[in-house]
Amino acid sequence: MIATVILSVLIFGAFFYIVYTSFIKGSKGHCDSCHDQGCPLVDVHKINAKKG
């Protein structure tokens, strides 16, 4: 009985952690994965310095 409860807590905890990191945490509007110049948070001077 206790092993079933512990196992279910671990399984549901892992499931909700994956859902949180995949969908909820990633949709906060940060521009971490945006590498083009269309993103307003990208420093254009750094990008031009790396190219030239």
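As shown above, the structure is provided for reference.
These numbers were taken from a predicted model, which means no experiment stands behind them.

Quick look at the overall build of the protein chain now. Of regular secondary structure, the protein chain possesses 2 helices and 0 strands. For the protein chain, with 52 residues in total, the buried portion stands at 8%. Of the accessible surface of the protein chain, which amounts to about 4900 Å², a share of 68% is contributed by carbon and sulfur atoms.

What follows concerns helix H1 (residues 2–24). With 23 residues, H1 should cover 33 Å at 1.5 Å per step; its first-to-last C-alpha distance of 31 Å lies within 8% of that length. Counted residue by residue, H1 has 0 buried out of 23 residues, so it is predominantly exposed.

Enumeration over the complete set of coordinates arrives at 1 aromatic pair. Ring geometry for phenylalanine 15 versus phenylalanine 16: centroids 5.4 Å apart, planes at 65°, classification edge-to-face. Residue phenylalanine 15 is classed as partly exposed on the basis of its relative accessible area of 47%.

With that settled, the discussion passes to a nonpolar patch on the surface. Taken together, the side chains of Met1, Ile2, Val5, Ile6, Val9 and Leu10 define a hydrophobic patch exposed on the protein surface, amounting to about 680 Å² of accessible area. One can find valine 5 in helix H1. Residue classification places valine 5 among the partly exposed residues on the basis of a relative accessible area of 43%.

Scoring rules and cut-offs
- Residues numbered from 1 in each chain as written.
- Predicted model: local features only at pLDDT ≥ 70, side-chain atom pairs only at ≥ 80, totals over all residues.
- Heavy atoms only, no water.
- Helix = DSSP H or I, 4+ residues; strand = E, 2+ residues; numbered from the N terminus.
- Buried < 20%, exposed > 50% of the residue type's maximum accessible area, 1.4 Å probe, protein only.
- Areas by Shrake-Rupley, 256 points an atom, 1.4 Å probe, with all protein chains shown as cover.
- Expected span 1.5 Å × (residues − 1).
- Phe/Tyr/Trp six-rings, centres within 6.5 Å; stacked < 30°, edge-to-face > 60°.
- Patch = residues over 30% accessible without salt bridge, like charges linked within 9 Å, V, L, I, M, F, W, Y side chains within 5 Å.
- Salt bridge = Lys/Arg side-chain N within 4 Å of Asp/Glu carboxyl O.

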